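As a plain string of letters, each chain reads:
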Amino acid sequence: ETQIASILKSSELYPIPQSVKLSYGTAGFRADASLLESTVYRVGILSSLRSLKLNSSTVGLMITASHNKVSDNGVKVSDPSGGMLSQEWEPFADQIANASSPRELVSLIKDFVEKEEIAIEKGGEVWLGRDTRPSGERLLRAAEIGVRSVLGSVAVDVGSSKLVLDGANGVGGLKMEVLIRSLSDIDVEIRNTGRDGGVLNEGVGADFVQKEKVVPLGFGVKDAGMRCASFDGDADRLVYFYIPSESCGGDKVELLDGDKILSLFALFIKEQLNIIGDEGKKCRLGVVQTAYANGASTDYVKEMGLEVVFAKTGVKHLHEKAEEFDVGIYFEANGHGTILFAECFLSWLVGKQKDYSEGSDKHNAVSRLVALSNLINQAVGDALSGLLLVEVILQHMGWSVQKWNELYKDLPSRQVKVEVLDRTAVVTTSEETEALKPLGIQDAINAEIKKYGRGRAFIRPSGTEDVVRVYAEASTQEAADSLASSVAQLVK
Ligand code: 16G
Ligand code: ZN
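Residues numbered from 1 in each chain as written. Chains lettered and ligands numbered in written order. Predicted model: local features only at pLDDT ≥ 70, side-chain atom pairs only at ≥ 80, totals over all residues.

### Points about the site of ligand 1
Item 1. For ligand 1, the full set of nearby residues is Asp236, Thr313, Gly314, Val315, Glu332, Asn334, His336, Ser462, Gly463, Thr464, Glu465 and Arg469.
Item 2. Classifying every residue of the shell around ligand 1 by side-chain character gives one nonpolar, seven polar and four charged.
Item 3. Composition of the shell around ligand 1 by domain shows at least three residues from each of domain 3 (258-379) and domain 4 (413-491). (Near = placed C-beta within 6 Å. Nonpolar A, V, L, I, M, F, W, Y, C, P; charged D, E, K, R; others polar. Domains from an automatic or database assignment.)

### Examining the UniProt feature "domain: Phosphoacetylglucosamine mutase AMG1" (unreviewed entry) in the protein
Item 1. Per the UniProt annotation, the sites labelled "domain: Phosphoacetylglucosamine mutase AMG1" (unreviewed entry) are residues 257-399.
Item 2. Secondary structure across residues 257-399 comprises 58% helix and 13% strand; the distance between its end C-alpha atoms is 17 Å. (UniProt positions renumbered as here; feature names shortened; annotations may be inferred. Helix = DSSP H or I, 4+ residues; strand = E, 2+ residues; numbered from the N terminus.)

### What to know about helix H6 (residues 171-180)
Item 1. Within the sequence span of H6, burial applies to Gly172, Gly173 and Met176. Along the long axis of H6, the arc covered by the buried residues comes to 95°, so they all point the same way.
Item 2. Contacts made by the buried residues of H6 are with strand E6 (163-166), strand E7 (188-191), strand E8 (227-231) and helix H14 (383-397). (Buried ≥ 20, exposed ≤ 12 C-beta atoms within 10 Å, placed from the backbone. Arc of directions from axis to C-beta. Contact = placed C-beta atoms within 7 Å.)

### Looking at the confidence of the model for the protein
Item 1. Mean pLDDT for the protein: 94, with 99% of residues reaching 70 or above.
Item 2. Reported confidences for the modelled complex are a pTM of 0.80 and an ipTM of 0.97. (pLDDT = per-residue confidence, 0-100.)

### Quick notes on the pairing of strand E11 (residues 285-289)
Item 1. In terms of residue burial, E11 counts as a mostly covered element, since five of its five residues are buried.
Item 2. In this structure, E11 lies alongside strand E13 (residues 327-331), joined through four bridges in parallel fashion. Paired with Gly286 across the strands is Gly328, a residue of E13.
Item 3. By the bridge criterion, four bridges tie E11 to strand E12 (residues 307-310) in an arrangement that is parallel. When the bridges of E12 are listed, Gly286 appears paired with Glu307.
Item 4. Handedness of the E11-helix H10 (residues 295-303)-E12 crossover: right-handed. (Pairing = 2+ DSSP bridges. Right-handed = clockwise from strand over helix to strand, strands pointing away.)

### Considering the packing of helix H3 (residues 90-98) against helix H4 (residues 102-115)
Item 1. It is at 9 Å that the axes of H3 and H4 come closest, and there the two elements cross at 160°. The orientation of H3 relative to H4 falls into the category roughly antiparallel. Handedness of the crossing formed by H3 with H4: left-handed. In this structure, H3 contributes Phe92, Gln95 and Ile96 to the contact, and H4 contributes Leu105, Leu108, Ile109 and Phe112. (Axes fitted to C-alpha atoms, helices over the stretch in contact; angles between N-to-C directions. Parallel < 35°, antiparallel > 145°, perpendicular 65-115°, else oblique. Left-handed = near helix turned anticlockwise from the far one by under 90°.)

### Points about the domain arrangement of the protein
Size of an interface, as often reported, equals the accessible area lost when the parts are brought together.
Item 1. Taken as a whole, the protein is organised into domain 1 (2-157), domain 2 (163-256), domain 3 (258-379) and domain 4 (413-491).
Item 2. For domain 1 versus domain 2, the separation of C-alpha centres amounts to 31 Å.

### Observations regarding the sheet that holds strand E14 (residues 337-341)
Item 1. Spatially, four strands are ordered E12-E11-E13-E14 in an open sheet, and the strand pairing comes out mixed. Edge positions in the open sheet fall to E12 and E14, since each of these has one partner strand only. Between one strand and the next, the sheet's axes are offset by a mean angle of 20°, whatever the strand orientation.
Item 2. Most of the contacts of helix H11 (residues 315-322) go to E13, to which it runs at about 160°, and overall it touches E11, E12, E13 and E14.

### Side note on the environment of Ser430
Item 1. For Ser430, the position within the fold is in the loop between strand E16 (427-428) and strand E17 (435-437).
Item 2. Each C-alpha atom of the pair Ser430 and Thr313 lies 9.6 Å from the other, and the pair is 117 residues apart in sequence.

### Observations regarding the sheet that holds strand E5 (residues 154-157)
Each strand in a sheet pairs with its neighbour through backbone hydrogen bonds, running either in the same direction (parallel) or in the opposite one (antiparallel).
Item 1. The strand order across the open sheet built from five strands is E1-E3-E2-E4-E5, with neighbouring strands paired in mixed fashion. This sheet does not close on itself; its edge strands, each paired only once, are strand E1 (29-32) and E5. For this sheet, the mean inter-axis angle between neighbouring strands, taken without regard to orientation, is 20°.
Item 2. Of the strand pairs in this sheet, E1 and strand E3 (residues 72-78) are connected by four bridges, and their pairing is antiparallel. Paired with Ala31 across the strands is Asn73, a residue of E3.
Item 3. Its contacts with the sheet put helix H2 (residues 37-53) on E1, strand E2 (58-63), E3 and strand E4 (125-130), and the angle it makes with E2 is roughly 165°.
Item 4. Together, E2, E3, E4 and E5 form the strand contacts of helix H5 (residues 136-149), whose direction differs from that of E4 by roughly 175°.

### Considerations on the nonpolar core
Item 1. Core analysis: the largest hydrophobic core is formed by 67 residues, its most contacted members being Val239, Phe241, Phe265 and Ile329.
Item 2. Looking at which element gives the most residues to this core, the answer is helix H8 (residues 258-276), with nine residues.
Item 3. Here this core spans two domains, since at least three of its residues come from each of domain 2 (163-256) and domain 3 (258-379).
Item 4. Once residues lying within four places of it in the same chain are set aside, the contact partners of Val239 are Ala206, Val209, Gln210, Ala229, Ser230, Leu255, Leu256, Asp257, Gly258 and Gly335.
Item 5. Residues Tyr24, Phe92, Ile96 and Ile109 belong to the second largest nonpolar core, which totals 39 residues. (Core = buried A, V, L, I, M, F, W, Y, C linked by C-beta atoms within 7 Å.)

### Focus: the UniProt feature "domain: Alpha-D-phosphohexomutase alpha/beta/alpha" (unreviewed entry) in the protein
Item 1. As recorded in UniProt, the feature "domain: Alpha-D-phosphohexomutase alpha/beta/alpha" (unreviewed entry) lies at residues 57-90.
Item 2. Secondary structure content for residues 57-90 is 3% helix and 38% strand, and the end C-alpha separation is 19 Å.

### What about unusual backbone geometry?
Item 1. In this chain, Lys437 is followed by Pro438 through a cis amide linkage whose omega measures -5°.
Item 2. With respect to the element layout, Pro438 can be found in the loop between E17 and helix H16 (441-449).
Item 3. Phi is positive for Ser66, close to 45°, though the residue is something other than glycine.
Item 4. Mapped onto the fold, Ser66 is located in the loop between E2 and E3.

Right, here's the structure in full:
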C-alpha cells in the first residue's frame, strides 16, 4: 500500500508530455531533453526493480545521448554484468515510459512485479551517471526520485556532479576561483563574485539564505535539484541548499544549515572510528552547538551516541568547549564552525597509520581522519575548507545533497528580532537558553512554550545590533511562528 502511494506521489511530479511515443531502442530512450523527465523518472523505477530481480545487485542508469546534438538527451540501463539491460525487459520499459497516468503506471508496475516474482522488501541499488549535457543534472534528479520511489532502494550518484556556489559578492568566491584551479576532482560554478556589480551580502550569501530560506540572486528554478552552497561576505560561514523541483517558480529553498553540516561531519568521523574498532571507540568525539541548533539535529547526534554540549553564541565560545574533546566538532546553525583534533589524539592516529598494514580497512580509516585534520581549518574554521570537506564526504558516500538532507528533518523554527530601548536589560544563563532578567519573563516564556507540541523558545540580547533576538521551534511552521510572536510580545 505505502509502496503504491510512494509511486503515485512521485509520479505526480513527472507528468508525461502529450503526443510523444517513446521506445527503448538500441541505446535506450532518446529524445529532445525537454521531453524526457517523466521517462527518466520511470526508468529509475525500472532500474530499482531490475536490481531487486537480481538479488539487489548493482544496476547502472546512464543519462546521455552520446554523439547527438547537445539539446538531446537519453537514458539507458546496464545490468550488473556491465552489459546492456536484458532485452526481455525492453517491452516493460516501453510500456511504463508511455503510461499516460500515474494510475496506469502503478497498475503496469504491479502486474510486472507479480509476473516476474520480484520481492520489493529488500531494496535495490542503482548507480547513476550522466554526461556533460546541461539537461543532465535535472534528469539525474528525476532518475534518483524514480529509483527511491521503490521503497528501500538506493540511488548512488557516481558522477562528480557540479556544485554551484554563491560567493555573496565577497572575498570567498574570488579566492575559491583560484583554489579550484588546482583541484581536479571537483566541479564548481561560482556566481555572485562581485565582478558583475552585485552588492556584498545584498540578497545573496549565507546569512540571507539561512535566515530567509529563499534563493539568492543569480539562482532560480533553472537550478532545481542542483547542489548549491553560499558563503558569507568574509567566507567564514557556509550553508548548502537546493531548489526543490516542486517549487514551480516559487523562490523557497531546502536549506542544509550548519547543523546539517555538523551532522554529516559527525557521521563520517564516527564511521571511521567504528572501522578502527575498540581503540577507535575510545576516542572522545563530541559536538558543540548553541541554543539556535535545531532540536532535530541535537537528537540526531545524540542518537549516534555522541556527547553534545551547548555554548553561548559566537565562535570563540564554541571553540573553547570543542577543545575539551579528542575530536570536537562545533557549528552554529548559521554556518560558522570547524573540527578540532587534540594534539595527543592526532599523534596517536599518525602512529596507528604506521602500525596498520597499508590498504587495510583500518589503515584507510586512520588515513582519512589524518587527511581530514589537515584539510579542515583548526584555527577558527572557514567556509572554503568546510566546503571542501563536505564535498569530499559526499563523494565518499556517493550521496546527493538530497540524500544528505534526509539525515533528519528540521523542526520548523522562526527567528524574529525586537527593537528595545536597552537590550542589556535581558540577561541570560551561560547557554542562553533561559532569561534570568527581566525577572519573571522566563516564567511567562515557559507558559507560552507549554502550549505547543515540541515547543522550545528563548530570547537573548544580540551581540552585534541593538535588538533582542527571539527563537522559537515547534512541530509545525504555524506553531513556531505563533510561539515566536507571542514571546516577542513579552519582550516588547
Ligand atoms: C557574530 C559571530 C557569530 C554569531 C553572530 C551572532 C563570529 C566570528 N561571529 O557574527 O558566530 O553567530 O555574531 O550575532 O564569532 P548576534 O549576537 O547579533 O545574534
Ligand atoms: Zn562572516
